[in-house]
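Descriptive analysis of the structure
Chain by chain, the residues run as shown.
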There are 2 protein chains.
Amino acid sequence: MDLWFSEGKHQSVDFSIKVNQQLYSQKSAFQQIDIFESDVFGRFLSLDGEVMMTEKDEFIYHEMMVHVPMSVHPDVKTVLVIGGGDGGVVRELVKYNSIALIDVVEIDELVVRACEAFLPATAASFQDARVHLTFQDGLRFIRPLYDRYDLIIVDGTDPNGLGEVLFTKEFYGNCYKALRPEGILINQHESPFYQQDAIAVQKIHRKLTASFPISLVYQAHVPSYPSGHWLFGFSSKRYHPLADFKDSEGADRQLATRYYNRPLHKGAFALPTYVKELLDYVEDK
Amino acid sequence: MDLWFSEGKHQSVDFSIKVNQQLYSQKSAFQQIDIFESDVFGRFLSLDGEVMMTEKDEFIYHEMMVHVPMSVHPDVKTVLVIGGGDGGVVRELVKYNSIALIDVVEIDELVVRACEAFLPATAASFQDARVHLTFQDGLRFIRPLYDRYDLIIVDGTDPNGLGEVLFTKEFYGNCYKALRPEGILINQHESPFYQQDAIAVQKIHRKLTASFPISLVYQAHVPSYPSGHWLFGFSSKRYHPLADFKDSEGADRQLATRYYNRPLHKGAFALPTYVKELLDYVEDK
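Residues numbered from 1 in each chain as written. Chains lettered and ligands numbered in written order. Predicted model: local features only at pLDDT ≥ 70, side-chain atom pairs only at ≥ 80, totals over all residues. Heavy atoms only, no water.

1. Some words on the overall build of chain A
Where we set the bar: Comment: elements are numbered from the N terminus, with helices defined as DSSP H or I runs of at least four residues and strands as E runs of at least two. The reference for a compact globule is 2.2 Å times residues^0.38; the radius of gyration itself is calculated from the C-alpha atoms. For every residue, the accessible area obtained with a 1.4 Å probe (protein chains only) is divided by the maximum for its type, and the residue is called buried under 20%, exposed over 50%, and partly exposed between those limits. Contacts between residues were defined by any pair of non-hydrogen atoms, one from each residue, lying within 4.5 Å. For accessible areas, the Shrake-Rupley method is used with a probe of radius 1.4 Å. Any residue's cover is judged against the shown protein chains and nothing else. None of His or the chain ends enter the tally, which takes Lys and Arg as positive and Asp and Glu as negative. Charge positions are represented by NZ for Lys, CZ for Arg, CG for Asp and CD for Glu.
Scanning chain A for helices and strands turns up nine helices and twelve strands. Whereas a compact globule of 285 residues would reach a radius of gyration of roughly 19 Å, chain A reaches 18 Å, a difference of no more than 12%. Counting only C-alpha atoms, chain A reaches 55 × 45 × 35 Å along its principal axes. Of all 285 residues assigned to chain A, the portion counted as buried reaches 62%. Restricting to contacts in chain A with at least 6 residues of sequence separation, those with at least 24 account for 68%. When the accessible surface of chain A is summed, it comes to about 10,700 Å², and 49% of that surface belongs to carbon and sulfur atoms. Separation between the mean location of the 28 positive side-chain charges and that of the 39 negative ones in chain A comes to 5 Å.

This is how it looks when you write it as structure tokens:
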């Protein structure tokens, strides 16, 4: 028997993973949740049929979401993670002793429970005493908050699905308000390659540049995501991701990473010309 | 009707492109040559069933093969291209007025003729008066040559196929010999992500570091290649790709590019930790 997982997101391109078995399948109040086991990617989570993370390459995405801002802001004490139900972002955050509080707001409790059961390498860090889990809509959670966090990381699904609200101008405005005067917002920014994704990149960037004085985009190679070329948004009230980058290796910064390193921090912001043009096009609008 | 091109190179992962029609299909003395037309990737060439180039993303691969060394070596006059039957590398080279001679050695004349007929956007530059095409085995061509080229670009197929001879220590030694004292060798270096490809990366790097005093690896996002994370080798007798990089924008260097730019030149050498570890492991051997 051959069992293949096929994403089929782009109607004319397909990325498929041969699967040994389906470990979990449940329809929650919000979405279809599946966890599979494969030889090449290990176990992987899909939400509504789209790959969210695989054991083989989740370190790339999660390290880039966390260690880039943590190497710029000199004193992060309070963090808000919106989405991130697989726990990968939290796992990277708890490596920093300086962080005192990590609020995680995930809309779908079933995602967390499924990951705790089947993906313990990412989900185990929810047990850290500094982590406070809330199962709620991210926008509703953040609306009443002012001047609360040093860092907000938005790790949601794609803008065409359940995560849509996390890509609105209203949401980004509320993030700005909930951040301290030196706060940083990191969000997953989709891929620039396929045309329909590139349009999403432009929409996100337009809203972020309208909401924050500093909004730069950086990139990584995430093979299990469409095109493998993934972007992240670095939006900030004060710190610049390169000018304020702490290039020296302080004792507390010597974290074990498998993708992120200091030269790569700078390299990740050196975007291809066609991506720069995509972004420049909307910066003036 | 649905027609899908499926590479199936990695037995447990598949990347497929929906095809409108097959434009060309021929078995040459060396390999199976196919050209297809698709909505998302435009026309694309496959050799023995593996995607070699697509109209949508070939600019990434070809720009990175050419403009990186051309921005380091201050005076390239003679170039040898081995493989490169689609003409993409040559198209980027002829943009430089300073180059006087481009020898192209492609083993399979039928690849060139098929690309001239169906992929004119890459193959048209073979008509440039500085280009000399020879249909011959690359190793046999280079064996008798000494002190001839400023730049050699090896644009062959994968090391497990027809291009195998272009990944041997004997071949790299002959490239060294055929290069001038300030010469540079660029080769496609496979992908670090899937295990079988990572082993190929290590084998290539071990041989290159044994053959050249300077051997660095750089990367690009090429979505149509396996994993989308592609590596290139920069091997050199004298010039260092970063220390000798001409960062200023000379008048003759203002080439129109869609991927390559000067900040990206430096960023491309900032490799992820896991890739550095792959390479470091074999550098001492």
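2. Here's the deal with the interface of chain A and chain B
How big an interface is tends to be reported as the loss of accessible area on association of its parts. Let me state the cut-off plainly: By convention, the term buried area covers the 1.4 Å-probe accessible surface removed from two parts as they join, with the contributions of both added. When a carboxyl oxygen of Asp or Glu is within 4 Å of a side-chain nitrogen of Lys or Arg, the pair counts as a salt bridge. Identification of polar contacts relies on pairs of N or O atoms within 3.5 Å, with a donor-acceptor requirement for protein atoms, meaning one able to donate a hydrogen and the other able to accept it, and with residues adjacent in sequence counted only if both atoms are side-chain atoms.
Each partner contributes residues to the interface: chain A has 38 residues there, and chain B has 37 residues. For the pair chain A and chain B, the two sides together bury roughly 3,100 Å², of which 65% comes from carbon and sulfur. Taken as a group, Ser12, Phe193 and His221 of chain A account for 21% of the area that chain A buries against chain B, more than any other trio of residues on that side. Our count for the contact surface shared by chain A and chain B stands at zero salt bridges. Joining chain A to chain B, the criterion identifies 19 residue pairs in polar contact (both at pLDDT 80 or more).

3. Things to note about the sheet that holds strand E11 (residues 214–221) of chain B
Residue and element names in this part refer to chain B. Selection rule: Two strands are counted as paired when DSSP detects at least two bridges linking them. Helix axes use the C-alpha atoms of the stretch in contact, all axes being lines fitted to C-alpha atoms, and the angles between their N-to-C directions lie in the range 0 to 180 degrees.
Pairing is mixed across the open sheet formed by seven strands, whose spatial order is E8-E7-E6-E9-E10-E12-E11. The open sheet terminates on both sides in strands that have one partner only, identified here as strand E8 (131–135) and E11. If you compare each strand with its neighbour and ignore which way they point, the axes differ by 15 degrees on average. Contacts between helix H6 (residues 169–178) and the sheet are confined to strand E6 (78–83), strand E9 (149–155) and strand E10 (179–188), with E10 contributing the most and set at about 145 degrees to the helix. Packed on one face of the sheet, helix H7 (residues 195–211) meets E10, E11 and strand E12 (229–236) and runs near 145 degrees to E11.

4. Quick look at the relation of the copies chain A and chain B
Applicable threshold: Superposition of the copies was done by least squares, using only C-alpha atoms of residues whose pLDDT is at least 70 in both.
Relative to chain B, chain A is turned by 180 degrees and slid 0.0 Å along the rotation axis, the superposed coordinates differing by an RMSD of 0.0 Å. Such a combination of rotation and displacement between the chain copies is what one expects of a two-fold axis. Taking the C-alpha atom as reference, chain A places glycine 267 of chain A closest to the rotation axis, 1.8 Å from it.

5. Brief notes about the sheet that holds strand E6 (residues 78–83) of chain A
Residues and elements named next belong to chain A. Spatial strand order, E8-E7-E6-E9-E10-E12-E11: seven strands in an open sheet with mixed pairing. Strands at the two margins of the open sheet, each flanked by one partner only, are strand E8 (131–135) and strand E11 (214–221). Here the average twist between neighbouring strands, direction ignored, is 15 degrees. Both strand E7 (residues 101–106) and E8 contribute to a ladder of five bridges, which runs parallel. Its bridge partner lying in E8, valine 105 is registered against threonine 134. Along the sheet, helix H3 (residues 109–118) contacts E7 and E8; its crossing angle with E8, the most-contacted strand, is approximately 130 degrees.

6. Overview of the pairing of strand E5 (residues 50–54) of chain B
Residue and element names in this part refer to chain B. Of all five residues in E5, five are buried, a share of seventy percent or more. Of the pairings in the sheet, the one linking strand E4 (residues 42–47) to E5 comprises four bridges and is antiparallel in character. Within the sheet, the bridge partner assigned to serine 46 lies in E5 and is valine 51.

7. Section: helix H6 (residues 169–178) of chain A
What counts is decided by this rule: Throughout, the arc means the angular range of directions from the helix axis out to the C-beta atoms.
Taken as a whole, H6 of chain A has its buried residues at Phe171, Tyr172, Asn174, Cys175 and Ala178 of chain A. Projection of H6 of chain A onto a plane perpendicular to its axis shows the buried side chains occupying an angular sector of 160 degrees, all on one side.

8. Description of the packing of H6 of chain B against H7 of chain B
Residues and elements named next belong to chain B. Where we set the bar: The handedness criterion is simple: a crossing whose near helix is rotated anticlockwise from the far helix by less than a right angle is left-handed, and one whose near helix is rotated clockwise is right-handed. When residues are grouped by polarity, Ala, Val, Leu, Ile, Met, Phe, Trp, Tyr, Cys and Pro land in nonpolar, Asp, Glu, Lys and Arg in charged, and all others, Gly among them, in polar.
Relative to each other, H6 and H7 sit at 35 degrees, their axes nearing to 9 Å. By crossing handedness, the relation of H6 to H7 is classed as right-handed. Taken together, the residues of H7 that come into contact with H6 (itself represented by Lys169, Tyr172, Gly173 and Tyr176) are Ile204, Lys207, Leu208, Ala210 and Ser211. The class makeup of the residues in the contact of H6 with H7 is five nonpolar, two polar and two charged.

9. What to know about the UniProt feature "binding site: spermidine" (unreviewed entry) in chain A
Residue and element names in this part refer to chain A. Here is the rule: UniProt positions are given in the numbering used here, feature names are shortened, and annotations may be inferred rather than shown by experiment.
When the UniProt feature table is mapped onto this chain numbering, "binding site: spermidine" (unreviewed entry) sits at His62 and Asp86. Across 25 residues in sequence, these annotated residues keep their C-alpha atoms within 10.4 Å of one another, forming a single compact spot. Its place among the elements puts histidine 62 in helix H1 (residues 58–70). Residues contacting histidine 62, with those up to four places away along its chain left out, are Asp86, Gly88, Val89, Arg91, Glu92 and Asp155. Engagement of the side chain of histidine 62 in a polar contact is seen with the side chain of glutamate 58, the distance being 2.7 Å. With respect to the element layout, aspartate 86 can be found in the loop between E6 and helix H2 (88–93). Taking the relative accessible area as the measure of exposure, aspartate 86 reaches 7% and is therefore buried. When sequence neighbours within four positions are dropped, the list of residues in contact with aspartate 86 reads Leu45, Met53, His62, Val111, Cys115, Thr122, Ala123 and Phe126.

10. Considerations on the domain arrangement of chain A
Residues and elements named next belong to chain A. Convention followed: Domain borders in the structure are assigned automatically or taken from a domain database.
Entries for chain A in the domain assignment read domain 1 (3–52) and domain 2 (58–283). The distance between the C-alpha centroids of domain 1 and domain 2 comes to 23 Å. Contacts between the two partners involve 20 residues from domain 1, matched on the other side by 21 residues from domain 2. Taking both partners together, domain 1 and domain 2 bury about 2,000 Å²; carbon and sulfur atoms supply 66% of that area. Remark: the boundary between domain 1 and domain 2 carries four residue pairs in polar contact (both at pLDDT 80 or more).

11. Here's the deal with the packing of aromatic side chains
Our working rule: Two aromatic rings, drawn from Phe, Tyr or Trp (for Trp, its six-membered ring), form a pair once their centres lie within 6.5 Å of each other, and the interplanar angle then sorts them: stacked below 30 degrees, edge-to-face above 60, tilted otherwise.
A full pass over the atoms with the stated rule returns 34 aromatic pairs over all chains. Considering the side-chain rings of tyrosine 218 of chain A and phenylalanine 269 of chain A, the 4.9 Å spacing of their centres and the 40 degrees angle between planes classify their relative orientation as tilted. Within this pair, whereas tyrosine 218 of chain A is found in strand E11, its partner phenylalanine 269 of chain A is found in the loop between helix H8 (262–267) and helix H9 (273–283), the two being separated by 51 residues in sequence. Neither tyrosine 218 of chain A nor phenylalanine 269 of chain A differs from the other in exposure class; each is buried. Centre to centre, the rings of phenylalanine 15 of chain B and phenylalanine 41 of chain B are 6.0 Å apart; their planes meet at 85 degrees, and the pair counts as edge-to-face.

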